[in-house]
Amino acid sequence: MPQTDIKTSKTQPTLTNSKLLKYTLFSVVFATIALITVILPAEYNIDPTGAGSALGLTVFDNEKPGAGIELPAEVAKERTATIEVVVPAGRGVEYKFTMAQYQKLTYEWTTDGSALYFDLHGEPKGDTTGYFESYAIATLDAMKGSFTAPFAGSHGWYWKNASAVPVTVQLVVSGEYIEHGLK
Amino acid sequence: MSHYFHRFGALSSVALIAILLPLEAFAHGVDENTREFLLNNTGVQIIPFLYIGAKHMVTGYDHLLFLVGVLFFLYKSRDVLLYVSMFTLGHSATLLFGVISDIGINAYLIDAIIGLSVVYKGFENLGGFKQTIGFTPNPKAAVLIFGLCHGFGLATKLQEFQLPSDGLISNLIAFNVGVELGQLTALAFILLVINYWRQHASFIRFSTITNCVLMSAGFMLIGFQLTGYAVS
């Protein structure tokens, strides 16, 4: 027994040579499988079997900080939306898209006839100073174009309805954004 | 119940503190905050070094696996005390010696040897030495020798930081004492679990497979560290 100096009956049952060999081999094989399929891919990005990347374990080494723009996978793809915004009489309304830096949005909007003053602009994420950057300011009843977000934040339109009746804006967008809504 | 409390009350409170310790650090090295501290450290800082030492031990799965292997078949408190003392003596000696004399041992290689100590202990618990070479090498001596290896492993962790000589000895001793406090905490856990499990028949039924898994974990540590050595 391993601890020969300990007098006790509660010890490891004696194993035969073949069993001992079997258990030792099992421990080596199990360790090797765990190393090759899980530990080495995760720790060192060494992935001879491809199991590591199949399990999604090779991600720890792939992320190099500062390389490229960090975009959640689901927001990086193109999305389209058709939105109707009602601007009440004599009031202003903001409709914004939350976008990461360098995400691009193509848009087209028309009103039901009357022209609206608008300011297409962006506000940096987390900014509390009230800073914004305008991309276009005019009074029009329709406009189409595109813009690339110069910084992460909320980007979109401020429409001001100076008339005495509500005006409905039909906005169609396609591009990359995280979420959108009235502000 | 109250008997249990008296016996384990102190240990349990240490254990509770350990649960509250952040567990983001792993066997390899030191987390970001600790790194920052060690790099900017000047002068004697007893409590922080105590803490780093304790944390290193509590979160160091290589040391813990070895302790599990050592304690697995120790039924008497006297034996537990004796073996743990041997381990403590071994790793304290090389921790102090390694840092003071600035002996440079590759951290990957020493950690691979620590992995080997886990394999050795598992194999010994399986009765493997008796079966294959006819006798079991003195287990106390083995624990002492592997304790020396674990100490060099601890030393490499501290040496990564070129600690200033100002207050080095005090900080080093604080780290060492911290390691022992961490070890006591870990022991409290391991003993509680093992002692509870021993009351059940499954302990012996599963002792073979448990030590087999222990060996396997040791092999994993060896492979992990040797690969680290190869790619570094």
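Residues numbered from 1 in each chain as written. Chains lettered and ligands numbered in written order. Predicted model: local features only at pLDDT ≥ 70, side-chain atom pairs only at ≥ 80, totals over all residues.

### Quick notes on the overall build of chain A
Then step 1. Along the backbone of chain A there are four helices and nine strands.
Then step 2. Tracing chain A from N to C terminus, the helices and strands come up as α-α-α-α-β-β-β-β-β-β-β-β-β.
Then step 3. Here chain A holds 183 residues, and the buried ones make up 22% of them.
Then step 4. Put simply, 75% of the contacts in chain A that link residues at least 6 apart link residues at least 24 apart. (Helix = DSSP H or I, 4+ residues; strand = E, 2+ residues; numbered from the N terminus. Buried ≥ 20, exposed ≤ 12 C-beta atoms within 10 Å, placed from the backbone. Contact = placed C-beta atoms within 7 Å.)

### A look at the overall build of chain B
Then step 1. From N to C terminus, chain B includes eleven helices and zero strands.
Then step 2. Helices and strands in chain B line up, N terminus first, as α-α-α-α-α-α-α-α-α-α-α.
Then step 3. Within chain B, the proportion of its 232 residues that are buried is 45%.
Then step 4. Of all intrachain contacts in chain B linking residues separated by at least 6 positions in sequence, the fraction that spans at least 24 positions is 89%.

### Considerations on the interface of chain A and chain B
Then step 1. If you look at the interface, chain A gives 28 residues, while chain B gives 24 residues.
Then step 2. Looking at the side of chain A that touches chain B residue by residue, the class counts come to 17 nonpolar, nine polar and two charged. (Nonpolar A, V, L, I, M, F, W, Y, C, P; charged D, E, K, R; others polar.)

### Some words on the environment of Asn211(B)
Residue and element names in this part refer to chain B.
Then step 1. Tracing the backbone through its elements, the reader meets asparagine 211 in helix α11 (residues 207-231).
Then step 2. Sequence separation of asparagine 211 and asparagine 125 is 86 residues, and the distance between their C-alpha atoms is 6.6 Å.
Then step 3. Those residues in contact with asparagine 211 that sit more than four places away from it in its chain are Phe72, Gly122, Asn125 and Leu126.

### Quick notes on the sheet that holds strand β4 (residues 116-124) of chain A
Residues and elements named next belong to chain A.
Then step 1. Taken together, the five strands give an open sheet; going across it, the order is β5-β4-β7-β2-β9, and neighbouring strands pair in antiparallel fashion. Taken across any chain shown, the strands that pair with only one partner, and hence form the sheet edges, are β5 (133-140) and β9 (179-182). Adjacent strand axes in the sheet meet at a mean angle of 15°, parallel and antiparallel pairs treated alike.
Then step 2. In the sheet, strand β2 (residues 92-99) pairs with strand β7 (residues 153-160) via eight bridges, with the strands oriented antiparallel. Opposite methionine 99, over in β7, you have glycine 153 as the bridge partner. (Pairing = 2+ DSSP bridges. Axes fitted to C-alpha atoms, helices over the stretch in contact; angles between N-to-C directions.)

### Some thoughts on the confidence of the model for chain B
All names here are of chain B.
Then step 1. Within chain B, residue pLDDT values average 84, and 82% of them lie at 70 or more.
Then step 2. Element-level pLDDT for chain B is lowest in helix α1 (residues 2-20), with a mean of 47, against a maximum mean of 95 in helix α6 (residues 107-125).
Then step 3. For the stretch residues 9-28, pLDDT sits under 50, and the model shows 22 contacts to residues farther than four places along the chain or on other chains.
Then step 4. In the predicted assembly, ipTM is 0.71 and pTM is 0.60. (pLDDT = per-residue confidence, 0-100.)

### Structural notes on the pairing of β4(A)
Residue and element names in this part refer to chain A.
Then step 1. Pairing of β4 with β5, which is carried by seven bridges, proceeds in the antiparallel orientation. If you follow leucine 116 over to β5, its bridge partner there is leucine 140.
Then step 2. Direction of pairing for β4 relative to β7: antiparallel, over a ladder of eight bridges. From the neighbouring strand, leucine 120 faces β7, where its bridge partner is tryptophan 157.

### With respect to the packing of α6(B) against helix α8 (residues 139-159) of chain B
Residue and element names in this part refer to chain B.
Then step 1. Running from amino to carboxyl end, α6 crosses α8 at an angle of 155°, the nearest separation of the two axes being 9 Å. Classed by the angle they form, the pair α6 and α8 counts as roughly antiparallel. The two elements α6 and α8 meet at a crossing, and its hand is left-handed. On α8, the residues touching Ala107, Ile110, Asp111, Ile113, Ile114, Ser117, Tyr120 and Glu124 of α6 are Pro139, Ala142, Phe146, Cys149, His150, Phe152, Gly153 and Thr156.
Then step 2. Taken together, the residues of the contact of α6 with α8 sort by class into ten nonpolar, four polar and two charged. (Parallel < 35°, antiparallel > 145°, perpendicular 65-115°, else oblique. Left-handed = near helix turned anticlockwise from the far one by under 90°.)

### Observations regarding the sheet that holds strand β1 (residues 79-87) of chain A
Residue and element names in this part refer to chain A.
Then step 1. Within the open sheet, the four strands sit side by side as β1-β8-β3-β6. Their pairing is antiparallel. Pairing within the sheet leaves two strands with one partner each, and these edge strands are β1 and β6 (142-148). Shown here is a sheet whose adjacent strand axes are inclined to one another by a mean of 15°, direction ignored.
Then step 2. Direction of pairing for β1 relative to strand β8 (residues 167-175): antiparallel, over a ladder of nine bridges. Counted as the bridge partner of valine 86 is threonine 168 from β8.

### Observations regarding unusual backbone geometry
Then step 1. Positioned with a positive phi, Tyr102(A) is a non-glycine residue whose angle comes to about 70°.
Then step 2. Of note, Tyr102(A) is situated in the loop between β2 and β3 (104-111).

### Points about the nonpolar core
Then step 1. Membership of the largest hydrophobic core comes to 63 residues, with the highest contact counts inside it found for Leu67(B) and Met220(B).
Then step 2. Going through the elements one at a time, α1 (17-44) of chain A together with α3 (46-58), α4 (61-71), α5 (77-100), α6, α8, α9 (168-198) and α11 of chain B are the ones with two or more residues in this core.
Then step 3. In this structure Leu67(B) touches Ala186(B), Leu187(B) and Ile190(B), once residues within four positions along its chain are discounted.
Then step 4. Grouped together as the second largest cluster of nonpolar side chains are 17 residues, Phe97(A), Leu105(A), Ala149(A) and Trp159(A) included. (Core = buried A, V, L, I, M, F, W, Y, C linked by C-beta atoms within 7 Å.)

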